[in-house]
Amino acid sequence: MECKEGLVSVVIPCYNQAVYLSETLDSLLKQKYNLWEGIVVDDGSPDNTKQVALEYVEKDSRFKYVYKPNGGLSSARNKGISLAVGEFILPLDADDIIQPEYLEEAVNAFQKNPDTKLVYCLGQFFGERTGLWNLSYKGYKSLLIKNSLFCSVIYRKKDALQIGGYDERMLFGYEDWEFLIRFLDESSVVHKIPQVLFYYRTKAVSMITEADKRREELEEYIYMKHHDKYFMYYGGTISGLRRLEHYDLEQECTTEDFESRLKSFREQYDLELGYYKQKINRYRNKWYRRWCRAFRDTLRKFRGRS
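Presented here is a report on the structure given in the accompanying data block. (Residues numbered from 1 in each chain as written. Predicted model: local features only at pLDDT ≥ 70, side-chain atom pairs only at ≥ 80, totals over all residues. Heavy atoms only, no water.)

## A look at the overall build of the protein
This is how it is decided: Counting from the N terminus, the helices are DSSP H or I runs at least four residues long and the strands are E runs at least two residues long. Each residue gets one of three labels from its accessible area relative to the maximum for its type: buried under 20%, exposed over 50%, partly exposed in between, using a 1.4 Å probe on protein chains only. Any pair of residues with heavy atoms lying within 4.5 Å of one another is described as a contacting pair. Surface accessibility in these figures is a Shrake-Rupley result with a 1.4 Å probe; residues are shielded only by whichever protein chains are displayed.
When you go through the protein residue by residue, the secondary structure sums to 14 helices and 9 strands. Of all 306 residues assigned to the protein, the portion counted as buried reaches 46%. Within the protein, contacts between residues separated by at least 24 positions form 78% of all contacts whose residues are at least 6 apart in sequence. By element, 51% of the accessible surface of the protein is carried by carbon and sulfur atoms, the whole surface being about 16500 Å².

Next comes the structure, spelled out in structure tokens:
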């Protein structure tokens, strides 16, 4: 599908968020940058998402509505991206809001520096929790330890398609972090708009709060999928590195027992690292993989003689 230059396709997955959807779509209508389309992806929602979305389709032809069987957030985003005709993609959850300047400022950033891979801004919490969400991308190496970007960043459609979109196996959260690990690298140009242009709705129970309960499981999945990157940059695992980042040993203990606690921490870290190395080795040493490697080596030797 040919993309329209300068058009921003705003992909809005919706599952049981119809009560908030109007606010999200209204924030699109208020954009100063008019070259956009809003794709509401109804992910098999049992509420009145369809009714609300179609009201906006009638109101403004830039809105589109598509229904799909429930498959999760990644699946819904990928569906929207596949239907998008814009040069740029903005994933926007159906309960969040963007300020009128966001699209305009983002497109200007891409135009000023064509090497820009991704654009984001400052965020603000509203709802159960309020306050500034002062995210700051500190480089790819830091991203491997902790996600420092929200999901509503803006990027080119072609770049998302090149890496296969979002991982649809990640049904319980952290899918945007895993996407960014594949999307960016150490040479990527990431532009930060120093204004609060994104508002993130906080609730007592949300996908993020549920994902945090599964943090270790989700981190292990990300680590196993990208273990080559973690060994290349750190030689270790996510959880071990995160403890090292946040656990200030010098402040939490006296000088006398500092060495013993540091030794204990390193032993625990080494055990965890050994566990993951064993898992990787077991994966590599399945009988059929050993057989394939042996066959490949034999074939190479045969070709070398001929």
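## Topic: the packing of helix H7 (residues 175–183) against helix H9 (residues 215–225)
This is how the line gets drawn: Whenever a helix is involved, its axis is fitted only over the stretch in contact; in every case the axis is a line through C-alpha atoms, and angles between N-to-C directions fall within 0 to 180 degrees. Oblique is the label for any angle not under 35 degrees, not over 145, and not in the 65 to 115 range, which are roughly parallel, roughly antiparallel and roughly perpendicular in turn. Note on convention: near helix rotated counterclockwise from far helix by under a right angle means a left-handed crossing. Clockwise means right-handed. Under this grouping Gly is polar, as are all residues other than the nonpolar Ala, Val, Leu, Ile, Met, Phe, Trp, Tyr, Cys and Pro and the charged Asp, Glu, Lys and Arg.
Running from amino to carboxyl end, H7 crosses H9 at an angle of 15°, the nearest separation of the two axes being 11 Å. The angle between H7 and H9 falls in the class roughly parallel. For the pair H7 and H9, the sense of crossing is right-handed. Across from Trp 177, Glu 178, Ile 181 and Arg 182 in H7, the residues of H9 making contact are Glu 219, Ile 222 and Lys 225. For the contact of H7 with H9, a count of residues per class yields 3 nonpolar, no polar and 4 charged.

## Some thoughts on the packing of aromatic side chains
Two aromatic rings are characterised by how far apart their centres lie and by the angle between their planes. Stated precisely, the cut-off is as follows: Aromatic contacts are taken between Phe, Tyr and Trp rings whose centres are within 6.5 Å, Trp giving its six-membered ring; a plane angle under 30 degrees counts as stacked, one over 60 as edge-to-face, and the others as tilted. Sitting over a ring, as applied to charges here, requires NZ of Lys or CZ of Arg to be within 6 Å of the ring centre and within 35 degrees of the ring normal.
With the rule as written, the count across this model stands at 17 aromatic pairs. When the centroid spacing of 6.1 Å and the interplanar angle of 50° are considered together, the rings of Tyr 223 and Phe 231 count as tilted. Relative accessible area serves as the criterion here: at 1%, Tyr 223 is assigned to the buried category. The partly exposed category is assigned to Phe 231, whose relative accessible area is 28%. Grouping aromatic residues by their ring pairs yields a cluster made of Phe 125, Trp 133, Phe 150, Phe 198 and Tyr 200. The ring of Tyr 56 has Lys 59 sitting right over it, with the charged end atom 4.2 Å from the ring centre.

## A closer look at the environment of Lys 138
With respect to the secondary-structure elements, Lys 138 resides in the loop between strand E7 (131–133) and helix H5 (140–145). Sequence-wise, Lys 138 and Val 190 are 52 residues apart; in three dimensions their C-alpha atoms are separated by 9.6 Å.

## Description of the pairing of strand E1 (residues 4–14)
Threshold: Two strands are said to pair when DSSP picks up at least two bridges between them. When the strands point away from the viewer and the path from the first strand over the helix to the second turns clockwise, the crossover is right-handed.
By the criterion of burial, E1 is predominantly enclosed, with 9 of the 11 residues buried. Sheet analysis places E1 next to strand E2 (residues 36–43), joined by 7 bridges and oriented parallel. From the neighbouring strand, Val 11 faces E2, where its bridge partner is Ile 39. Handedness of the crossover joining E1 and E2 through helix H1 (residues 18–29) is recorded here as right-handed.

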